[in-house]
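Report on the structure
Each chain, letter by letter, is given below.
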Amino acid sequence: MSKHIRVRAGALIIKDSLILLTEYNDPIRGVVYDLPAGGVEPKESLIEAVKREAREEACVDIEVGPIAFVYEYVPHLNYNKFGETHTIVMMFDCTIKEGSFPKLPVKPDPNQTGVSWMPLGELEKIELYGNIQNQLKNYTSNKRNIDLIEEHSF
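Computed from a predicted structure; not experimentally measured.

About the cut-offs
- Residues numbered from 1 in each chain as written.
- Predicted model: local features only at pLDDT ≥ 70, side-chain atom pairs only at ≥ 80, totals over all residues.
- Heavy atoms only, no water.
- Helix = DSSP H or I, 4+ residues; strand = E, 2+ residues; numbered from the N terminus.
- Contact = heavy atoms within 4.5 Å.
- Expected span 1.5 Å × (residues − 1).
- Buried < 20%, exposed > 50% of the residue type's maximum accessible area, 1.4 Å probe, protein only.

1. Description of the environment of Gly39
Relative to the helices and strands, Gly39 resides in strand E4 (residues 37-39). Residues contacting Gly39, with those up to four places away along its chain left out, are Arg6, Val7, Arg8, Glu44, Arg52 and Glu53.

2. Comments concerning the side chain of Gln133
Within the element layout of this structure, Gln133 appears in helix H2 (residues 133-141). Not counting residues within four places of it along the chain, the set of residues in contact with Gln133 comprises Leu123, Glu124, Ile126, Glu127 and Leu128.

3. Topic: unusual backbone geometry
Positive phi is not limited to glycine here, since Ser17 has a value of about 60°. Among the secondary structure elements, Ser17 is positioned in the loop between strand E1 (5-15) and strand E2 (18-26). We note that Cys59 has phi near 60°; this positive angle belongs to a residue other than glycine.

4. Considering helix H1 (residues 46-58)
In a regular helix each residue adds 1.5 Å, so 13 residues correspond to 18 Å; H1 covers 18 Å between its end C-alpha atoms and thus fits that length. Taken together, the buried positions of H1 are occupied by Leu46, Ile47, Ala49, Val50, Arg52, Glu53, Ala54, Glu57 and Ala58. Residues of H1 that are buried in the fold lie against E1, E2, E4, strand E5 (62-73), strand E6 (86-96) and strand E7 (112-119). Where H1 terminates, the next one or two residues include Cys59, which has phi positive at roughly 60°.

In structure tokens form, the structure reads like this:
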């Protein structure tokens with residue numbers, strides 16, 4: 001039985017009007033950028049997943065803040081352009097811990113070619129995996145965070 005919805009968690013890292021992005025050479029789309037993010041594994045919390053994905057894709061240790069926004073991909077409403085899996089992505093407002101510096105991992109994800117800081121003003125010049133350039137720019141000027149309530153923390 002396949003999953004009805006895949007849950008992903010990711011890190012939105014902004015510093016000095018720059019956003020941290022991972023770079024991929026997609027065989028169909030060419031060069032695309034994404035935020036460090038990926039699927040939540042069994043028995044893993046969202047916070048654990050965000051930290052793991054930031055380490056795996058950008059080699060950084062992070063402090064995880066509140067949810068910045070939620071991104072949904074519904075295949076049939078998007079002509080299946082990213083595949084047939086309905087996906088919810090919880091993007092967290094994160095900061096890099098002192099002494100941690102982004103770089104391409106030794107064993108990157110398939111097709112990953114880089115990790116870079118991109119000026120927020122240049123987001124419209126690149127192709128992001130999800131078409132969220134305007135939302136990212138709006139978020140930086142009007143943060144509307146959502147708290148994650150973790151039942152186990154009470």
